[in-house]
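Inside the fold
For reference, the chains in residue letters:
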Amino acid sequence: MSKDKYFIIDFDSTFTQVEALDELGAISLQNHPERERILEQVKQITDSAMAGSSSFAEGLAKRLELLQAHQSHLPLLINRLKERVSESIRRNRDFLQEYADQILIVSSGFKEFITPIVTEYGIKEENIYANTFHVDAQGNLTGFDKENLLSLDKGKIKLLEQLALPGDVYVLGDGYTDYEIKEAGMANKFYAFTENVVRDSVVAKAEHIAPSLDEFLYQNKLPMAISYPKNRISVLLLENVHPQAVELFRREGYQVETVSGALSEEELCERIKNVSILGIRSKTHVTRKVLEHANRLMCVGAFCIGTNQIDLDACLEAGITVLNAPYSNTRSVVELALGEIIILSRNVLDKSSKMHQGKWDKSASGSFEVRDKKLGIVGYGNIGAQLSVLAEAMGMEVYYYDVVEKLQLGNARKCNTLHELLEKADYVTLHVDGRPENKHMFGAEEFATMKEGAIFLNLSRGHVVDLQALVASLKSGKISGAGIDVFPEEPATNSDPFESELRDLPNVILTPHIGGSTSEAQVNIANFVPNRIMDYINSGNTYGSVNFPNLQLPELKNAHRLIHIHANVPGVLANINQVLAKNHVNILGQYLKTNERVGYVITDIDKAYDKQVVNDMKQVPHTIKFRILY
Ligand SMILES: NC(=O)C1=CN([C@@H]2O[C@H](COP(=O)(O)OP(=O)(O)OC[C@H]3O[C@@H](n4cnc5c(N)ncnc54)[C@H](O)[C@@H]3O)[C@@H](O)[C@H]2O)C=CC1
Ligand SMILES: O=C(O)C(=O)COP(=O)(O)O
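Computed from a prediction, not measured in an experiment: that's the story for all the values here.

What counts as what
- Residues numbered from 1 in each chain as written.
- Chains lettered and ligands numbered in written order.
- Predicted model: local features only at pLDDT ≥ 70, side-chain atom pairs only at ≥ 80, totals over all residues.
- Helix = DSSP H or I, 4+ residues; strand = E, 2+ residues; numbered from the N terminus.
- Rg over C-alpha atoms; globule rule 2.2 N^0.38 Å.
- Buried ≥ 20, exposed ≤ 12 C-beta atoms within 10 Å, placed from the backbone.
- Contact = placed C-beta atoms within 7 Å.
- Axes fitted to C-alpha atoms, helices over the stretch in contact; angles between N-to-C directions.
- Parallel < 35°, antiparallel > 145°, perpendicular 65-115°, else oblique.
- Left-handed = near helix turned anticlockwise from the far one by under 90°.
- Nonpolar A, V, L, I, M, F, W, Y, C, P; charged D, E, K, R; others polar.
- Near = placed C-beta within 6 Å.
- Domains from an automatic or database assignment.
- pLDDT = per-residue confidence, 0-100.
- Pairing = 2+ DSSP bridges.

What follows covers the overall build of the chain. Scanning the chain for helices and strands turns up 25 helices and 24 strands. Taking 2.2 N^0.38 as the reference for a compact globule, 630 residues should give roughly 25 Å; the C-alpha atoms of the chain span a radius of gyration of 32 Å, well beyond that estimate. Going through the 630 residues of the chain one by one, you find that 42% of them count as buried. Here the analysis covers contacts within the chain between residues at least 6 apart in sequence; of these, 62% occur between residues at least 24 apart.

Below, the structure written as structure tokens:
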């Protein structure tokens, strides 16, 4: 790049996340009885000056008077500020160093604290323009150098006039005084920096917004620490995913949109355009048709356990990774199942509703302890196995059946067939997954095989059970009670009605798919899934993906990472390596994993390489997706 571009960077709320004078006040007024009130006053003056609604010079004098600061507070302030350097500034240290001759810090703050912070990032001392304190004989910070242009109203404009920089000037800042430089014609471009604060009056005027330094660098084709600004990656979260997930994505700089309910296929087809990360729960169906409308989708996060609502093969073919939360709500489902087992054994539903009608019906008839009763668990996966342990702790005799060989926990007994389990169990509970083959796996024949008066639970998926057969078995008394949490048709939102033949049947607990709906589970999921997704985006790690070849990758250090997803046909790896050889790329590490359909190749390469390699990699026959990470 030629040397005729100058980058003016503001300090408070831009280089650092905070306003230094607010921080100074927090230190100097630490033991002041009216600390909160004075700090609020200081903050108001700062905000009003930054938003352009009051005189800067007057505000500065007023703030210093209120702060009652002493020079002994400065080392403490500097330590605080060092911890609060903006994340994107922190990670782009290389840019700041490489372009040090062209970067100027222009601030109405004070050199005494700005210099030690910014010089650590390679900013040259002679390129720091800021005020200086006046200190009295006792060391009090009583005022500032009034000759300094930056202490005056429109000080930044005056300074830029004086500097008369011989080239294009780009200003990056959060405040109105930064925007004014451009307005006064002293800068070619102004970027409103919104990583730390969004000042509406500034954003409204700015022709460019930079949610991070990455975005500024990206727009200006300058060297960046990361391959792509996060604010350009859009995340769509459906079905009331816990706000913690939104917070985690936003904290990393992603653009996040949320929808409270599920979306229909048609609605999702419309919304999915330009979305890179889609977060759903059990209700939204991600079909092949939806994927046809997805032009940027990289990853689907199931904020739940089940992934039967997602066309996993179609995602795989499109190079879209699917991640879920396999353990985060396991315990919640188990606890609900256990509770239902006891409630159904004691006819609590019936007795409770009578009590609400004013009827006292004390009797032991039809009520049983669960101790020594036989619990039959169908599907001995994570939920089934955990239920097995807790049910044994309550004294139940556990039997289980699974289509694959499973570790037998405690004294649980394995059944070789479903039939064998159904004949034995006093309680049958389904914890199979919702794969299509499981549709109606439990129907008239299975209910008929169950013991007379047995109890039935389904907290897995609605389509697994033939509902007609269940209703008939309940009506005939073959089954004496049921706990049903999942249904073949579930309302998309809480405002839609619930229709089912199961309504109004005695001793039937109906719950609105809340097996996993506890605060603990939702918070666990909201932490787990975004972190998994961001790990995939940032490193290519697919460990635990439910559809992709699983690769756990080493941390990317001092290298660029080429991520190539392709159809698994012979010769692709050879072609990739030919491209690398042709472009004289120095390979530092290569990792490959395939499944029947797709190959996933990660190549870590030396940072110095011919950029042509990027285009060549995309041209390798059978490429599905290619991206580069650094
Ligand atoms: N009600 C709710 O809110 C929740 C429901 N779920 C449902 O529970 C299911 C199970 O969850 P996890 O135990 O974590 O899954 P998992 O994958 O660990 O276990 C499922 C087990 O079922 C077995 N299985 C599948 N089909 C079978 C069949 N026809 N007969 C016998 N065994 C069969 C599998 O081999 C596996 O061992 C999830 O897939 C999900 O659909 C999960 C969480 C919350
Ligand atoms: O985890 C699962 O598979 C569930 O069924 C829970 O679904 P939900 O997140 O409550 O829509």
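Now that the structure has been shown, the text picks up again.
To continue, consider the packing of helix α5 (residues 74-83) against helix α8 (residues 111-118). Remark: α5 packs on α8, axes separated minimally by 10 Å, with the N-to-C direction vectors making an angle of 40°. The angle between α5 and α8 falls in the class oblique. As α5 runs across α8, the sense of the crossing is right-handed. Here Leu74, Leu77, Ile78, Leu81 and Lys82 of α5 lie close against α8, whose contacting residues are Glu112, Phe113, Pro116 and Ile117. For the contact of α5 with α8, the class distribution of residues is seven nonpolar, no polar and two charged.

Attention shifts here to the site of ligand 2. Residues in contact with ligand 2, as listed here, are Arg281, Ser282, Lys283, Cys304, Ile305, Gly306, Asn329, His513, Gly516 and Ser517. Looking at side-chain class alone, the shell around ligand 2 contains two nonpolar, six polar and two charged residues. Looking at which domains feed residues into the shell around ligand 2, each of domain 2 (233-323) and domain 3 (330-517) supplies at least three.

Helix α10 (residues 176-183) packs onto helix α9 (residues 155-163) with a crossing angle of 45° between their chain directions and a minimal axis gap of 8 Å. With respect to each other, α9 and α10 are oriented oblique. α9 and α10 meet at a crossing whose hand is right-handed. Across the interface between the two elements, Lys156, Ile157 and Leu160 of α9 pack against Thr177, Asp178, Glu180 and Ile181 of α10. Considered class by class, the residues forming the contact of α9 with α10 number three nonpolar, one polar and three charged.

Attention now goes to the confidence of the model for the chain. Chain-level statistics for the chain give a pLDDT mean of 96 and a share of 100% at 70 or above. Both scores are available for the predicted complex, with the pTM at 0.89 and the ipTM at 0.99.

Here we take up the site of ligand 1. Residues in contact with ligand 1 amount to 30 residues; listed here are only the nearest, Gly306, Gly379, Gly381, Ile383 and Gly515. Secondary-structure elements contributing two or more residues to the shell around ligand 1 are α17 (330-345) and α19 (382-393). Of all the elements, α19 adds the most residues to the shell around ligand 1, at three residues. Residue composition of the shell around ligand 1, grouped by class: 12 nonpolar, 14 polar and four charged.

Another aspect to go through is the domain arrangement of the chain. On domain assignment, one finds that the chain holds domain 1 (5-219), domain 2 (233-323), domain 3 (330-517) and domain 4 (550-629). The straight-line distance from the C-alpha centre of domain 2 to that of domain 3 is 31 Å. Taken together, the contact between domain 2 and domain 3 spans eight residues of the former and nine residues of the latter.

Now for the environment of Phe368. The topology assignment puts Phe368 in the loop between α18 (348-356) and β14 (374-378). Residues Phe368 and Leu502, spaced 134 residues apart in sequence, show a C-alpha to C-alpha distance of 24 Å.

With that settled, the discussion passes to the pairing of strand β23 (residues 598-605). Counting buried positions along β23 gives eight out of eight residues, so the element sits mostly inside the fold. Sheet topology note: the strand β21 (residues 560-567)/β23 ladder contains eight bridges and is antiparallel. Each bridged residue has a counterpart across the sheet, and for His560 the counterpart in β23 is Ile605. Pairing analysis gives seven bridges linking strand β22 (residues 587-594) to β23, with the strands arranged antiparallel.

The topology assignment puts Tyr121 in the loop between α8 and β3 (128-131). Judged by local crowding, Tyr121 falls into the partly exposed class, with 19 C-beta atoms found within 10 Å. As for Tyr121 and Leu152, which are separated by 31 residues in sequence, their C-alpha atoms are 28 Å apart. Leave out the neighbours within four places in its chain, and Tyr121 touches Ile89, Arg93 and Leu96.

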